Amino acid sequence: MEQQAEEIDVIVPKHRSRYVSVKLEHIRVMVTTGRHIALSFNIEDGVMKLTTVPETEDREDIHRCAAFIKAVILGFSIPTASKFLHRDNLKIGSLKINTNDTYMKQNIIRTKSAIEDFTKTNILVNKDGNQLYILGTPLFIKNASDHISHLISLYN
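Quantities reported herein were computed from a predicted structural model and do not represent experimental measurements.

Digging into helix 2 (residues 61-74)
Since the α-helix advances by 3.6 residues per turn, residues separated by three or four positions end up pointing in the same direction.
Logical step 1: Taking 1.5 Å per residue, 14 residues should reach 20 Å; helix 2 reaches 20 Å between its end C-alpha atoms and fits that length.
Logical step 2: Across the 14 residues of helix 2, 10 count as buried, placing the element largely inside the fold.
Logical step 3: One or two positions beyond helix 2, positive phi appears at Gly-75, with a value near 125°.

Okay, here's the thing in structure tokens:
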């Protein structure tokens, strides 16, 4: 009995369309090689469509691929985002920094790699420094958020 094809649409915001279109072939190779997921990107409407094909063995691969693409859209590097393709229990958490204290933001950016190493996460700081995205398991994301929150509380 043949399973019905499953589709997932991933919306690409307009301000990330150019970046995604530049990285599209690399993304396509990561998604299609060995996973048998069809990928199409309509740059005009900003929709990346993932579809299972009859050769798709693991039906969860489409969800792993969608999570990988969402991580790339947020700004994680392709090697970092590719962790979603190999593990099921990864998430992306976010933490908003509600301050205009540039010294504190610079300090968080300086200590980012130490927090990543200690908490086994990957942290992405948006260009304004107002939002952090934390990639890891839920427990490690909480641990990293707690460390960053503690660091922020030192400045208040």
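With respect to helix 5 (residues 138-153)
Logical step 1: For helix 5, which comprises 16 residues, the first-to-last C-alpha distance of 22 Å matches the rise-based estimate of 22 Å (1.5 Å per residue) to within 8%.
Logical step 2: Burial in helix 5 covers these residues: Ile-141, Ala-144, Ser-145, Ile-148, Leu-151 and Ile-152. Down the axis of helix 5, the sector holding all buried residues measures 120°, keeping them to one side. Pointing more than 90 degrees away from the buried face of helix 5 are the exposed residues Leu-139, Lys-142 and His-150.
Logical step 3: Check the buried side of helix 5 and you find it contacts strand 4 (91-96), helix 4 (102-119), strand 5 (122-125) and strand 6 (131-136).

Description of the sheet that holds strand 3 (residues 47-52)
Logical step 1: Taken in spatial order, the three strands of this open sheet run 1-3-2, and their pairing is antiparallel. Looking along the sheet, the strands with just one partner apiece sit at the ends: strand 1 (7-11) and strand 2 (37-42). This sheet shows a mean twist of 20° between the axes of neighbouring strands, independent of strand direction.
Logical step 2: Strand direction decides the pairing type here: strand 1 and strand 3, joined by five bridges, are antiparallel. Paired with Asp-9 across the two strands is Lys-49, which belongs to strand 3.
Logical step 3: Packing against the sheet, helix 1 (residues 14-32) makes contact with strand 2 and strand 3, and its axis sits at approximately 170° to strand 2.
Logical step 4: Helix-sheet contacts for helix 2 involve strand 1, strand 2 and strand 3, and the interaxial angle to strand 1 is about 5°.

Quick look at the sheet that holds strand 6
Logical step 1: The strand order across the open sheet formed by three strands is 4-6-5, and the pairing between neighbours is antiparallel. Looking at strand neighbours, the two that pair on one side only are strand 4 and strand 5, the edges of this open sheet. Here the average twist between neighbouring strands, direction ignored, is 20°.
Logical step 2: In this sheet, strand 6 lies alongside strand 5 in antiparallel orientation, the contact comprising four bridges. Bridging from a neighbouring strand, Leu-124 pairs with Tyr-133 of strand 6.
Logical step 3: Sheet strands touched by helix 5: strand 4, strand 5 and strand 6. Its angle to strand 6, the strand with the most contacts, is close to 145°.

Considering the packing of aromatic side chains
Logical step 1: Enumeration according to the criterion identifies zero aromatic pairs in this entry.
Logical step 2: Taking NZ or CZ as reference, Arg-16 lies 4.4 Å from the ring centre of Tyr-19, over its face.

What counts as what
- Residues numbered from 1 in each chain as written.
- Predicted model: local features only at pLDDT ≥ 70, side-chain atom pairs only at ≥ 80, totals over all residues.
- Heavy atoms only, no water.
- Helix = DSSP H or I, 4+ residues; strand = E, 2+ residues; numbered from the N terminus.
- Expected span 1.5 Å × (residues − 1).
- Buried < 20%, exposed > 50% of the residue type's maximum accessible area, 1.4 Å probe, protein only.
- Arc of directions from axis to C-beta.
- Contact = heavy atoms within 4.5 Å.
- Pairing = 2+ DSSP bridges.
- Axes fitted to C-alpha atoms, helices over the stretch in contact; angles between N-to-C directions.
- Phe/Tyr/Trp six-rings, centres within 6.5 Å; stacked < 30°, edge-to-face > 60°.
- Lys NZ or Arg CZ within 6 Å of the ring centre and 35° of its normal.

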